Amino acid sequence: MKRLTAFFTALVLGAAMTVSAGCSDKKDDKVVLEESSIEYKDPESGARPVLSLSNTEGRAGETVEVKVFLEGCENKWAMCGVHFAYPMVLECQLTTSDERFAKYKPGEAVSQMSGFTSAVWFDNRTEAMEKNEQYSLFFCAASSADNGGDGEIATFYFTIPEDAAVGTVYPLEFFEYSGDMFLDTASDVNLQHYAFTNWKNGTITVV
């Protein structure tokens, strides 16, 4: 339990460091990730975690909800740290206490977990994010047991530009960044690999 509590603290600090320092080096247009020779297989717990972002609609100038969901992993995960990118023209709503932390509403999937936090990443972006004119949002949760649930992980809030044309579609895209994770208390890397290779991106469409 102490190790997991320390881990969550590290995730929270890591979120702050991510948005203030940029996390890691850049190489070409990809994030530098550690090479691995692991031969992945199905998660030992039988879980098949699928993360997804909502497909949301809204009017120009409106603040809309963007939800992150999980299915296939009820009571079979204990920690996550995940990024998704969004177009710079969207305004992520922030907390009043710190301009780097995203406003959010935790969902039922993390209701039994020890903690949850989220932060935005504006500076020192990857070359791909700069090229695509994107910012990033990072969220993390952790617990001392495999009591992470299925369903809604969290709701975030984004404001559509006032001059957005009807029919414009803004992509919301998960991406794996160095240090990101999705694990159970056994630290089964197969669980993370499944989650990170089966996630579903979302959109915000102007109506």
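What should I look at first to understand the side chain of Arg125 in this one?
Here Arg125 shows up in the loop between β9 (115-121) and α2 (127-131). Of the side chains with opposite charge, Glu130 comes closest to the buried, unpaired Arg125, at an N-O distance of 4.9 Å. Polar side-chain contacts of Arg125 include one of 3.4 Å to the backbone oxygen of Met129.

I keep staring at the pairing of strand β6 (residues 79-87) and nothing clicks. Help me out?
If a strand is regular, its side chains alternate between the two faces of the sheet. Among the nine residues in β6, nine count as buried, and that is most of the element. Of the two faces of β6, the one lined by Met79, Gly81, His83, Ala85 and Pro87 and the one lined by Cys80, Val82, Phe84 and Tyr86 are each fully buried. The sheet contact formed by β6 and strand β10 (residues 134-142) spans nine bridges and is antiparallel. In the sheet register, Cys80 faces β10, and the bridge partner there is Ala141. The pairing of β6 with strand β13 (residues 181-183) spans three bridges and is antiparallel. Paired with Cys80 across the strands is Phe182, a residue of β13.

About the cut-offs
- Residues numbered from 1 in each chain as written.
- Predicted model: local features only at pLDDT ≥ 70, side-chain atom pairs only at ≥ 80, totals over all residues.
- Heavy atoms only, no water.
- Helix = DSSP H or I, 4+ residues; strand = E, 2+ residues; numbered from the N terminus.
- Buried < 20%, exposed > 50% of the residue type's maximum accessible area, 1.4 Å probe, protein only.
- Lys, Arg positive; Asp, Glu negative; His and termini not counted.
- Salt bridge = Lys/Arg side-chain N within 4 Å of Asp/Glu carboxyl O.
- Polar contact = N/O pair within 3.5 Å; in protein donor to acceptor, adjacent residues only side chain to side chain.
- Pairing = 2+ DSSP bridges.

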